[in-house]
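# Working through the structure, step by step
Given next are the chains, with one letter for each unit.
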Amino acid sequence: MSTAVRSRVFKISAAAVTAAIAIGLCLFSQDDVSASIKERRVERLNAQIENVYTDEYQQMMDTEIADERDAKERTVDSIYTKVNPYGTNTTSMYVYFTTDQASTVSYTVSAEGYPDYTANAITSDEAAAAYREAAAGDADGSGNVGGTSTASQTTTVSSNDIASTEHEFLVLGLIPKVKNTITLTITDTDGNATTRTIEQTGPKLLGEEEVRLEQAIAPDESTVTTLGNGLYAILGNDSNEQDFMYYYDANGVIRGEIPVLYYRSHRLLFDNDGIMWFSASTKHFVGMNRLGKLVKIINLGDQYILHHDYALDSDGNIVSLATDLKHSDHAVQDQVIKVDTDSGEVSLLVDFGDLFPDYKQSTDHSGIDESDPTATNRWDWIHFNTIQLMDDGSALLSARETSTMIKINDIEGTPSLDYMIGEPSVWNGMDAQPSFLTKVGDSGDTGGQHSITVQYDSSLEDGQYYIYMFDNDFGYAMTRPDFDWTMIDGISTAQSSKDENSNSQFRKYLVDENAGTYTEVQDFDVPYSPYVSSAQELSDDLNLVDIGMQGLFGVYDDDGNLKAQYKMVLSSGYIYRVYQYRLPRLLLRVRIGIDLTADANPPTADSYLLPLRSLILAANQILIKRHSLSRRSVKRDRVLVQHQYAVDGVFGPADHIRVMRGENHLLVVAEQRLGHMRGANLIQSLARLIRHNRTRLKAQRGRNSQQVPFLGVQFAGLGLGDLRQIKMREQIADARMTF
């Protein structure tokens, strides 16, 4: 063989070997290359979000928006828009324009293949303040503690109070990567409406979450109506990549993607200035304004990290569960700190190792720090997962490791133990053991409970209130390996959420501090989640429950019947919490154009279908307003009310009726929370209940015993939704009715 031939053979052989090696390397390293590409993408995204969470970036976007917006006059025919203006909500859109007359604005986001999303725009800081003032007045001492609200706690304001000529607001809910049509309805104070449409392709999501969640059970029309335009906030679908908070609507469609630095947000808090506070990492609290701008970015420093939960105090400061990173014994998740939201100063309120030293020392030194998984040698001896600030300056905390709820007096002053709720034997032999309230009845106690919520109700006596929660019904404590949790009736010790013999529960207690007791008043089974999860009352008969370790959240009625269920793909292990937050409602002025006085001949067949929950009758200037939790008088400027009868608890302990006597003795009746009284039965019952002289078989009479008309306002179904159809009928209450 010649030298040239040998050379060619060698080159061919070498090339073949090289190709084989290359093919082998490709086969063996393809996954590594994909992982490397993904890692770099995540690193770039992390760097992008870190930049967003700086004052410099927020100020830069402020300047950019102002320069673009103010380049020309902005009217209804030259509206300025910018998608995700401050980098804090991927599918949001900033909108700005002016009008000649003071007006209000609502918007509807439409995209082919998806249900519409409609909301009232908060177009100015003054409008936002009006909503907050109305919400504070409507609460009237009832409702949930901790930033969540029930669907029945509805805020309504007069259009005059929120109308303006300058309109600057954020549209939520663009559908990613498809054409969105945003219809703006602009209504001046005389009731004249103008519409404008904007077309915008929705941006690509930064994460890999679903645009539309799988719905094992789709909500029926009544449930969707009750849920309204409130948004489910998915708090903590924890991952090892970029972390987000998500908003989904009642149809399971994404309406917001809020990136956070890392870890998770635990709940949303709203202060008196309209700032929305949430955690963006284990070290950061941030305050976001109504336009999506981060106006406050607070770093906790190098001593403390936050975990699990936090609340706003009466001064607008944050009280948070925390871990002291410099604690010499490496105890974790056993402290409470206060963060001054003005100065950013952090101070320690209570170290529970000092409050319960004997119990702490009785436990094994073991555990992990859920908010710092790389940490070693941690001592997770109590593991708080919820804090609720109460009206008397105290705090109620949930301790997972001991399956105990603990009330602490004067949490921001000189903290001291008030009481405990749970299985007392967990604390046998400890100084705190005698503080347990007495359980009334034979219900089981909690196991590893999460998301406890204090709920005040003005129908209860002083010293009484409700506590509801997600009861994991899971008995385990890493620091108490010898304790027999099966002594608690119904509790499971299964570590897997797939255990077919285990259930968790929605559970509700009535606490009576005067008697020193607690009584179970409601419970129903839900799928099993030994860790994390949440519960929230949405209305009088609907409850939101997150089954964290199964990636499920659902809406249940009070009997535990599933009305809707959504499933989300888990990024790693669980969804920490799901709460619904509701947008404000608008009270619109309606001109009925009929005389509703005692001397008028009332129409017999007229009926009006209006997409409202509240209305003003211009004829007599009589306000009709739904106050499902209020007991106060309904009074506004130019509203003539001589007397008011609050007929509470007549049909049952959860039923409330608002009755007003207006000008010329017109009786105005607004149905509230009546699931079983409809149509003629309601009218007849009211005629019987509100009669002035209480004479048998006589309806309400005027001064001269004439027949008096009254207006019955009926709500079609339970709860409140933006498209609620209100049927109004005027009828005569007289002795001809069958009582």
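Computed from a predicted structure; not experimentally measured.

The subject of this paragraph is the overall build of the chain. A tally of regular secondary structure across the chain gives 8 helices and 43 strands. Residue pairs in contact within the chain that sit at least 24 positions apart in sequence constitute 60% of those at least 6 positions apart.

Take the sheet that holds strand β17 (residues 304-312) next. Taken together, 4 strands build an open sheet; the order of strands is β17-β18-β19-β20 and the sheet is antiparallel. Every other strand in the sheet has two partners, leaving β17 and β20 (346-351) as the edge strands with one partner each. Neighbouring strand axes in the sheet, compared pairwise and without regard to direction, differ in orientation by 30° on average. Inspection of the sheet shows strand β18 (residues 318-324) paired to strand β19 (residues 335-339) by 5 bridges, in the antiparallel sense. Of the residues in β19, the one forming a bridge with L321 is V336.

Below, the discussion takes up the packing of aromatic side chains. The way to describe two aromatic rings as a pair is by their centre distance and the angle between their planes. Under the defined criterion, the tally for this structure stands at 22 aromatic pairs. With a centroid separation of 6.0 Å and 25° between ring planes, the pair formed by F474 and Y476 is classed as stacked. Pairing F506 with F524 gives two aromatic rings, centres 5.0 Å apart and planes at 5°, and the pair type is stacked. Linking F506 in strand β28 (residues 504-512) with F524 in strand β29 (residues 517-526), this pair joins segments that are 18 residues apart in sequence. With relative accessibility at 5%, the residue F524 sits in the buried group. Ring pairing ties together the aromatic residues F352, F356, Y359, W381, F384 and W427, which thus form one cluster. Looking at R264, its charged tip hangs above the ring of Y576, at a distance of 4.2 Å from the centre. The ring of Y466 carries the charged tip of K508 above its face, separated from the ring centre by 4.5 Å.

With that settled, consider the pairing of strand β33 (residues 562-567). Here strand β9 (residues 214-217) pairs with β33 via 3 bridges, running antiparallel. Bridged to E214 within β33 is K567. Between strand β32 (residues 552-557) and the antiparallel strand that follows it, β33, lie 4 residues; G560 among them carries a positive phi value of about 90°.

Now for unusual backbone geometry. Although it is not a glycine, N377 adopts a positive phi angle of roughly 60°. Positive phi, close to 55°, is recorded for H383, a residue that is not glycine. Relative to the helices and strands, H383 is located in the loop between α7 (357-362) and β21 (384-389).

Quick look at empty space enclosed by the protein now. In this approach a probe as big as a water molecule rolls over the atoms, and the regions it shows empty are the leftover space. Under the defined criterion, the tally for this structure stands at 3 cavities of 30 Å³ or more. Along the walls of the second largest cavity sit R400, E401, G448, F474, Y476, A477, P530 and Y531, which together make up its complete lining. Broken down by class, the residue content of the lining of the second largest cavity amounts to 5 nonpolar, 1 polar and 2 charged.

Another aspect to go through is the environment of T183. Secondary-structure assignment places T183 in strand β7 (residues 179-188). The exposure class assigned to T183 is partly exposed, which follows from its relative accessible area of 23%. Taking C-alpha positions, T183 is 5.2 Å from T108, a pair spaced 75 residues apart along the chain. Excluding residues that lie within four positions of it along the chain, T183 makes contacts with S106, Y107, T108, R196 and T197.

Attention shifts here to the pattern of salt bridges. Counted under the stated rule, the structure contains 25 salt bridges. Note that R267 is salt-bridged to D309, the shortest N-O span being 2.8 Å. Of this pair, R267 sits in the loop between β12 (254-260) and β13 (269-270) while D309 is found in strand β17, placing the two residues 42 residues apart along the sequence. No difference in accessibility class separates R267 from D309, as the two residues are buried.

With respect to the element layout, V426 can be found in the loop between β24 (416-422) and β25 (438-440). Taking the C-alpha atoms as reference, V426 lies 9.7 Å from Y359; in sequence the two are 67 residues apart. Not counting the four nearest positions on each side in its chain, V426 is found in contact with Y359, T402, R480, F483 and W485.

The next thing to look at is the sheet that holds strand β10 (residues 231-237). Ordered in space as β12-β11-β10-β34, the 4 strands form an open sheet in which the pairing is antiparallel. Each having just a single partner strand, β12 and β34 (575-581) make up the two edges of the open sheet. Averaged over all neighbouring strand pairs, the angle between strand axes comes to 20°, with direction disregarded. Here β10 pairs with strand β11 (residues 243-248) via 4 bridges, running antiparallel. When the sheet's bridge partners are listed, L235 is paired in β11 with M245.

Each α-helix turn comprises 3.6 residues. Residues three or four places apart therefore point the same way. Its 15 residues give helix α2 (residues 55-69) an end-to-end C-alpha distance of 21 Å, which sits within 8% of 21 Å, the value for a rise of 1.5 Å per residue. Those residues of α2 lying buried are Y57, Q58, M61, I65 and R69. Looking straight down α2, one finds its buried side chains confined to an arc of 95°; they lie on one side. Facing away from the buried surface of α2 by more than 90 degrees, the exposed residues are E56 and D67.

In this section: the pairing of β34. Counting buried positions along β34 gives 7 out of 7 residues, so the element sits mostly inside the fold. Inspection of the sheet shows β10 paired to β34 by 6 bridges, in the antiparallel sense. Note on β34: the bridge partner recorded for N237 is I575.

What follows is about the nonpolar core. In this structure, Y53, Y107 and F278 are the most contacted members of the largest nonpolar core, which totals 84 residues. Looking at this core, the element that brings in the most residues is strand β2 (residues 93-111), giving 8 residues. Each residue touching Y107, except ones within four places of it in the same chain, is listed here: Y117, T118, A119, A121, F169, L170, V171, L172, I182, T183 and L184.

So, about the environment of S534. Structurally, the position occupied by S534 is in strand β30 (residues 534-537). At 3.0 Å, the side chain of S534 forms a polar contact with the backbone nitrogen of V578.

Looking at the chain, the pLDDT average stands at 78 and 71% of residues meet or exceed 70. With pLDDT under 50 throughout, residues 3-12 is counted as low confidence; its partners more than four residues away or in other chains account for 2 contacts. When the criterion is pLDDT under 50, residues 585-739 qualifies, and its contacts beyond four places in sequence or with other chains add up to 350 contacts.

Scoring rules and cut-offs
Within any chain, residue numbers begin from 1 and follow the written order of that chain's sequence. The model is predicted, so local features are restricted to residues of pLDDT at least 70 and side-chain atom pairs to those at 80 or more, both for listing and for counting; the totals for chains, interfaces and linings are taken over all residues. Excluding hydrogens and water, the side-chain figures rest on all heavy atoms present in the structure. Secondary structure counts use DSSP, requiring at least four H or I residues in a row for a helix and at least two E residues in a row for a strand, with both numbered from the N terminus. Contacts between residues were defined by any pair of non-hydrogen atoms, one from each residue, lying within 4.5 Å. When DSSP locates at least two bridges between a pair of strands, those strands are taken to pair. The axes used here are C-alpha line fits, helices contributing only the stretch in contact, and every angle between their N-to-C directions lies in the interval 0 to 180 degrees. Each Phe, Tyr or Trp ring (for Trp, its six-membered ring) is paired with any other whose centre lies within 6.5 Å, and the angle between the two planes then decides the class: stacked below 30 degrees, edge-to-face above 60, tilted in between. Classification of residues uses two cut-offs on accessible area relative to the type maximum, computed with a 1.4 Å probe and protein chains only: under 20% is buried, over 50% is exposed, and between them is partly exposed. A ring is scored as having a charge over it whenever the NZ atom of a lysine or the CZ atom of an arginine sits within 6 Å of its centre and within 35 degrees of its normal. Throughout, the protein atoms alone are placed on a 1 Å grid, and a set of points is a cavity if a 1.4 Å probe fits but cannot get out or a pocket if it is open with protein on both sides within 12 Å along at least five of seven lines; lining residues have an atom within 4 Å of a point. Grid points are joined across faces, edges and corners, and a volume is the space filled by probe spheres set on the points. We call Asp, Glu, Lys and Arg charged. Ala, Val, Leu, Ile, Met, Phe, Trp, Tyr, Cys and Pro are nonpolar, and the rest, Gly among them, are polar. Salt bridge, as used here, is a side-chain nitrogen of Lys or Arg placed within 4 Å of a carboxyl oxygen of Asp or Glu. The span expected for a helix works out to 1.5 Å for each residue beyond the first. Along the arc lie the directions from the helix axis toward the C-beta atoms. The nonpolar core is taken to be a set of buried Ala, Val, Leu, Ile, Met, Phe, Trp, Tyr and Cys residues, with the residues joined through side-chain atoms within 4.5 Å. Side-chain atoms alone can form a polar contact between residues adjacent in sequence; in general such a contact is a pair of N or O atoms within 3.5 Å, and within protein one must be able to donate a hydrogen while the other accepts it. Think of pLDDT as the predictor's per-residue confidence, scored from 0 to 100.

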